[in-house]
Amino acid sequence: MSEPDPMPQLEDLLDADRKEDDPGFPVFDGLEFPGCVAVPMTSAQYEACEERLEFWDEAAGIAMIADSLPGVGHEQPIGLLAGIVERIAQERGSRIARFRELGLTRYGAGGNRRAMQPDECLYLYPERADLPTAGSLTVGENDPPDVVVEVDYTTDVRRGKLRVYESWAFPELWVEVGDHEPPRRRRSQLSGLTVYLLNRDGRYEIAPESRAFPGWRAEEIHLAINEPAITPAINATLRRVGAELGSRDGTGPDDDLLLAAHRRESRAEGGAEGRIRERVELVRQTLRARGMALSSEFPTASCRAALARASAAAIATASLACRSEQDFERLI
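Note that the structure is predicted; figures quoted are calculated from it, not measured. (Residues numbered from 1 in each chain as written. Predicted model: local features only at pLDDT ≥ 70, side-chain atom pairs only at ≥ 80, totals over all residues. Heavy atoms only, no water.)

Caption draft 1: Structural detail: the overall build of the protein. When helices and strands are counted, the protein shows 10 helices and 12 strands. Expressed as a percentage of the 332 residues in the protein, the buried residues total 47%. Put simply, the protein shows about 16,900 Å² of open surface, and 51% of that area lies on carbon and sulfur atoms. (Helix = DSSP H or I, 4+ residues; strand = E, 2+ residues; numbered from the N terminus. Buried < 20%, exposed > 50% of the residue type's maximum accessible area, 1.4 Å probe, protein only. Areas by Shrake-Rupley, 256 points an atom, 1.4 Å probe, with all protein chains shown as cover.)

Caption draft 2: Structural view of the sheet that holds strand β4 (residues 97-100). Judged by pairing direction, the sheet is mixed, and its six strands sit side by side in the order β4-β7-β9-β10-β11-β12 without closing on themselves. This sheet does not close on itself; its edge strands, each paired only once, are β4 and β12 (204-207). Taken pair by pair, the neighbouring strands of this sheet meet at an average axis angle of 25 degrees, ignoring direction. Of the strand pairs in this sheet, strand β11 (residues 192-198) and β12 are connected by four bridges, and their pairing is antiparallel. (Pairing = 2+ DSSP bridges. Axes fitted to C-alpha atoms, helices over the stretch in contact; angles between N-to-C directions.)

Caption draft 3: Region of the structure containing the nonpolar core. With 29 residues, the main nonpolar core has I88, V147, W174, L193, V195, F213 and W216 as its most contacted residues. Elements with a minimum of two residues in this core: α3 (72-92), β9 (147-151), β11, α5 (218-224) and α6 (232-249). With near-sequence residues (within four places) excluded, V147 lies in contact with E120, C121, L122, E172, W174, A212 and F213. Grouped together as the second largest cluster of nonpolar side chains are 26 residues, M64, L137, Y165 and Y196 included. (Core = buried A, V, L, I, M, F, W, Y, C linked by side-chain atoms within 4.5 Å. Contact = heavy atoms within 4.5 Å.)

Caption draft 4: Fine view of the side chain of N226. Examined against the element boundaries, N226 turns out to sit in the loop between α5 and α6. A residue is classified by how much of its surface remains accessible, and N226, at 13% relative accessible area, is buried. A distance of 3.0 Å separates the side chain of N226 from the backbone nitrogen of D179, its partner in a polar contact. A polar contact is formed between the side chain of N226 and the backbone oxygen of H222, at a distance of 2.8 Å. (Polar contact = N/O pair within 3.5 Å; in protein donor to acceptor, adjacent residues only side chain to side chain.)

Caption draft 5: Local environment of empty space enclosed by the protein. According to the stated counting rule, one finds one cavity of 30 Å³ or more in the structure shown. Approximately 40 Å³ is the volume attributed to the largest cavity. Lining the largest cavity, in full, are F33, P34, C36, E54, T155, D156, V157 and K161. (1 Å grid on protein atoms, 1.4 Å probe; cavity = no way out; pocket = protein on both sides within 12 Å on 5 of 7 lines; lining within 4 Å. Points joined across faces, edges and corners; volume = space filled by probe spheres on them.)

As structure tokens, this is what we get:
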């Protein structure tokens with residue numbers, strides 16, 4: 001399959017009235033948005049737009065919109081990421097905030113805006129972050145996400161959005177190319193997940209693993225969000241990552257309200273069942289010592305329930321006074 005022609009270079013439009021020293025609007029050389037169409041869009045049209053925009057430049061009056069609708073290959077990774085991140089958060093013992101298709105806006109020195117929409121934004125410490133409100137984040141005012149996630153299905157963020165994220169100093173970007181291959185994927189895009197980390201020079205570098213989620217390797221993230229279900233191996237990885245975060249933060253599963261409740265119930269149920277087993281064994285030993293032959297059905301379910309409620313003194317009295325196992329059940 002031949003590769004589609006790339007979008008024409010847009011720097012002449014996007015940098016028409018830019019200043020080199022305006023950090024909100026750096027001059028880009030060869031900024032491209034493969035898989036998108038350029039659509040004229042005024043400020044009023046932008047405010048009223050309900051479509052997902054890959055990029056919008058107010059001064060140029062241009063929006064970049066994906067030229068095809070997302071398919072299952074785009075939606076599956078994002079859908080599965082929700083459960084995966086929640087599993088890590090539970091193991092760590094504290095919440096991780098997720099924002100789908102959050103609107104990101106950056107104001108330039110002249111008041112004009114550039115805007116983008118990523119597929120997902122993750123905040124590892126939402127309780128102490130200045131979070132976006134009403135589905136919008138203002139770059140330079142709100143805290144940046146710890147991780148921004150982009151899923152390339154028919155697009156390629158490496159030649160456009162990646163460079164904008166870099167200019168906005170977002171600390172970590174994941175670019176996922178799913179295993180489900182669409183008919184129009186570019187030959188240069190192989191399935192897999194790439195982790196980009198911002199270095200001290202303000203440039204992105206490809207890294208083997210996440211910085212925000214310590215020890216979570218790129219290939220492990222890709223595997224987790226492409227499997228239709230969480231396998232035992234993936235679950236072990238998620239628990240490891242969550243435990244590492246918890247160790248760093250001094251938290252754990254018992255700090256998660258849901259898991260803590262399940263653990264308390266499990267311990268209570270296990271403790272109650274253990275006490276019943278001990279009482280049953282003590283009664284059986286006592287009756288056998290008195291020379292009684294016991295059936296394999298003794299004690300019945302109703303008798304076990306009575307043993308759970310009875311006092312130790314009542315159990316001892318019934319064990320010594322009964323003439324048969326049926327008599328014991330009647331007395332208890």
